[in-house]
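# Coordinates in review
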Amino acid sequence: MGWYVYILRCGDGSLYTGYTNDIPRRLALHQCGRGAKYTRSRPPVALAYQEELPDKSAALRREAAIKRLTRPQKQALITAAQKP
C-alpha cells in the first residue's frame, strides 16, 4: 500500500494539500466535514491532484515541498498532471 500527496480544490477556490494512504476514504472525510479544519469551512472539496509515493516519510517531505510552492506553481502542477 502506497502513500499519497493530494491537492483539493475547495469551494472558495483555495487549494488544500495533504497526505494519506487511502485517497477515497480521506476525500470522503473532507467532503462530509470530518477532514481537516481548513476544509470544513470551505465545502465542497474536489480532488485536483494526487501523487503516489513509496512511504510515509517521502509523502510528508513531498507535502511540505508542495506547500512551499506558490499558487501559480501549484496550478501548473495540477495542469501538468491532467495532460494525457
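Residues numbered from 1 in each chain as written. Predicted model: local features only at pLDDT ≥ 70, side-chain atom pairs only at ≥ 80, totals over all residues. Heavy atoms only, no water.

## A short note on unusual backbone geometry
- Here Pro43 and Pro44 are connected by a cis peptide whose omega angle stands at -10°.
- Relative to the helices and strands, Pro44 resides in the loop between helix 2 (37-40) and strand 3 (46-53). (Helix = DSSP H or I, 4+ residues; strand = E, 2+ residues; numbered from the N terminus.)

## Description of the environment of Gln82
- Secondary-structure assignment places Gln82 in helix 4 (residues 71-82).
- Judged by its relative accessible area of 57%, Gln82 falls in the exposed class.
- For the pair Gln82 and Tyr49, spaced 33 residues apart in sequence, the C-alpha separation works out to 8.2 Å. (Buried < 20%, exposed > 50% of the residue type's maximum accessible area, 1.4 Å probe, protein only.)

## So, the pairing of strand 2 (residues 15-20)
- The buried fraction of strand 2 is high, at five of six residues.
- Linking two consecutive strands that pair antiparallel, namely strand 1 (residues 3-9) and strand 2, is a turn of five residues; a positive phi of about 90° is found at Gly13 within it. (Pairing = 2+ DSSP bridges.)

## Here we look at the packing of aromatic side chains
- According to the stated counting rule, one finds three aromatic pairs in the structure shown.
- Seen from their ring centres, Trp3 and Tyr19 are 6.1 Å apart, and the 35° between their planes marks the pair as tilted. One end of the pair, Trp3, is in strand 1; the other, Tyr19, is in strand 2, and 16 residues separate them in sequence.
- Residue Tyr19 is classed as partly exposed on the basis of its relative accessible area, which comes to 28%.
- Seen from their ring centres, Tyr6 and Tyr16 are 6.4 Å apart, and the 50° between their planes marks the pair as tilted. Taken as a pair, Tyr6 in strand 1 and Tyr16 in strand 2 lie far apart in primary sequence, ten residues in all.
- Judged by its relative accessible area of 2%, Tyr6 is buried.
- With relative accessibility at 15%, the residue Tyr16 sits in the buried group.
- An aromatic cluster is built from Tyr6, Tyr16 and Tyr38, whose rings are joined through pairwise contacts.
- It is Arg42 that lies over the ring of Tyr38; its NZ or CZ is 3.8 Å from the centre. (Phe/Tyr/Trp six-rings, centres within 6.5 Å; stacked < 30°, edge-to-face > 60°. Lys NZ or Arg CZ within 6 Å of the ring centre and 35° of its normal.)

Don't take any of this as a statement about function, it's just geometry.
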